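Summary of structural features
Chain residues, written in single-letter form:
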Amino acid sequence: MAALPRRVAMPPTESQTLQRQSTTFMYLYALAVSGGAVAYMPFLTILLPIKVTALATDKLLPTLAIAAFAGALSASLSNILFGWASDVTRQRRFWILAGLILSSSLMVIMPTVQDTNVLIAMIVLWQIGLNMMLAPLAAWAGDCIPDAQKGMLGGLLALAPALGALAGAIVTLDLLAAFPHREVLVACLVPMMVAPVLLFGQPRAMPHLMEPVTSTSVTTSHPAIRMWLARLLVQIAEASLFAFLLLWFRSLDPRFGENGAAGIFALVLGLAVFMSLAVGYWSDRAARPITPLVWSAGVAAGGLLLMAFAPGLFVAIAGYLVFGIASSIFLALHSSQTLRVLPRPQRRGRDLGIFNLTNTVPSLIMPWLTLLLVPKYGFDALFLLLAGLATIACLILLTMPRGRQAGRRA
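Keep in mind that this is a model prediction, so the values were computed, not measured. (Residues numbered from 1 in each chain as written. Predicted model: local features only at pLDDT ≥ 70, side-chain atom pairs only at ≥ 80, totals over all residues. Heavy atoms only, no water.)

1. Points about the nonpolar core
- Tyr-29, Trp-140, Leu-304, Tyr-320, Leu-386 and Leu-397 are the most contacted members of the largest nonpolar core, which has 102 residues in total.
- With 13 residues, helix H5 (residues 116-144) is the single largest residue contributor to this core.
- Those residues within four positions of Trp-140 in sequence are excluded, and the remaining contacts are Phe-25, Tyr-29, Arg-92, Arg-93, Ile-96, Val-197, Leu-198 and Pro-203. (Core = buried A, V, L, I, M, F, W, Y, C linked by side-chain atoms within 4.5 Å. Buried < 20%, exposed > 50% of the residue type's maximum accessible area, 1.4 Å probe, protein only. Helix = DSSP H or I, 4+ residues; strand = E, 2+ residues; numbered from the N terminus. Contact = heavy atoms within 4.5 Å.)

What follows is the structure in structure tokens.
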């Protein structure tokens, strides 16, 4: 493909702004992103602990900790690498397909592993293949979905965690309990969800979204920096609660079981899908892309405060519902609105890889944060700290210069 002329991009014209991407492509794209969630959520949260338990019961926690750290590190680096590779080659589909084949093949092999060291090595390789698919897939949306539809895109992206959780429920059905290779089921589901956009997705060209930028001043006040920091803070709160929510509920009521926690997770994810679609649609119509992020971060902080001062289980569950729905809306819409503030379209994949650090870094911070606070001060102190982080995220976005909220490049 011939190189595009390198020039400073101008704001899109009125005709370009009115041009819209086909809803068919957006639905297929959302299905593919959900396939990415199905690729890792059931495995990392359910199947991997089961596998490690079978291999080394006496070394369960250390093995899982090493696997989580090595996996997060390889995911972070490979996401940046393959995002950059798809920028340089200007090929998104090729890398998505290659990553789909590699990650699915490794998932099929995973049940045959009988050694913990080999398992950890396989997880590192699998994370590389998975991010070979995920990084260019994320950048593809920035190439062909205009700013006027990014709210709708964010709403559709809320399907990903919901379908990922549903896949986890499916692979743990009693019907499949006797099936020793449930990883194969995951490996079959993912291509069924990702392949349609590769085969049938024909997005309308959006040349104004691909115009290279050669001179961009990225300072601490740049919207991309603000968006990165805000997401990191909310992700730390979300990751902390995801890991320790059941323990907290049981500290309030020892009779609270796994089914109750699973039901609450399902309710949060289900409601978040519909609310994210509604809020995203409103943000497109009102041309207020950042406002829903400000409000959802603020409401998330309120939910955490309610949890910190909850006198009993009922108020605690209500507080988590408020936080869970608000943070899910924030993360879904943030993923799409980030695309409008990235400084260089010709390095969109690489920059999204850097944004992806907000998804992996919290998994490295969260365990230490919890271990420092909870044993000595209790869960209340943790929730107060997380509420503070969500409030800071809200203020970071609230004080973003209004002229830059539309994401137009200077």
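2. What about the packing of helix H4 (residues 93-109) against helix H8 (residues 182-200)?
- For the pair H4 and H8, the least separation of the axes is 9 Å and the interaxial angle reads 170°. With respect to their mutual orientation, H4 and H8 come out roughly antiparallel. Contacts between H4 and H8 pair Arg-93, Ile-96, Leu-97, Leu-100, Ser-104, Met-107 and Val-108 from the former with Glu-183, Val-184, Ala-187, Val-190, Pro-191, Val-194, Val-197 and Leu-198 from the latter. (Axes fitted to C-alpha atoms, helices over the stretch in contact; angles between N-to-C directions. Parallel < 35°, antiparallel > 145°, perpendicular 65-115°, else oblique.)

3. Regarding the confidence of the model for the protein
- In the predicted model, the protein carries a mean pLDDT of 86, and the fraction of residues at 70 or more is 89%.
- pLDDT under 50 marks residues 1-10. Its contacts with residues more than four places away, or in other chains, come to 24 contacts.
- Residue range residues 406-410 is modelled with pLDDT below 50. Its contacts to residues more than four positions away, or to other chains, number 14 contacts. (pLDDT = per-residue confidence, 0-100.)

4. Some points on the side chain of Gln-127
- Within the secondary structure, Gln-127 sits in helix H5.
- A relative accessible area of 9% places Gln-127 in the buried class.
- Setting aside anything within four residues of it in sequence, one finds Gln-127 in contact with Leu-44, Gly-71, Ser-74, Ala-75 and Ser-78.

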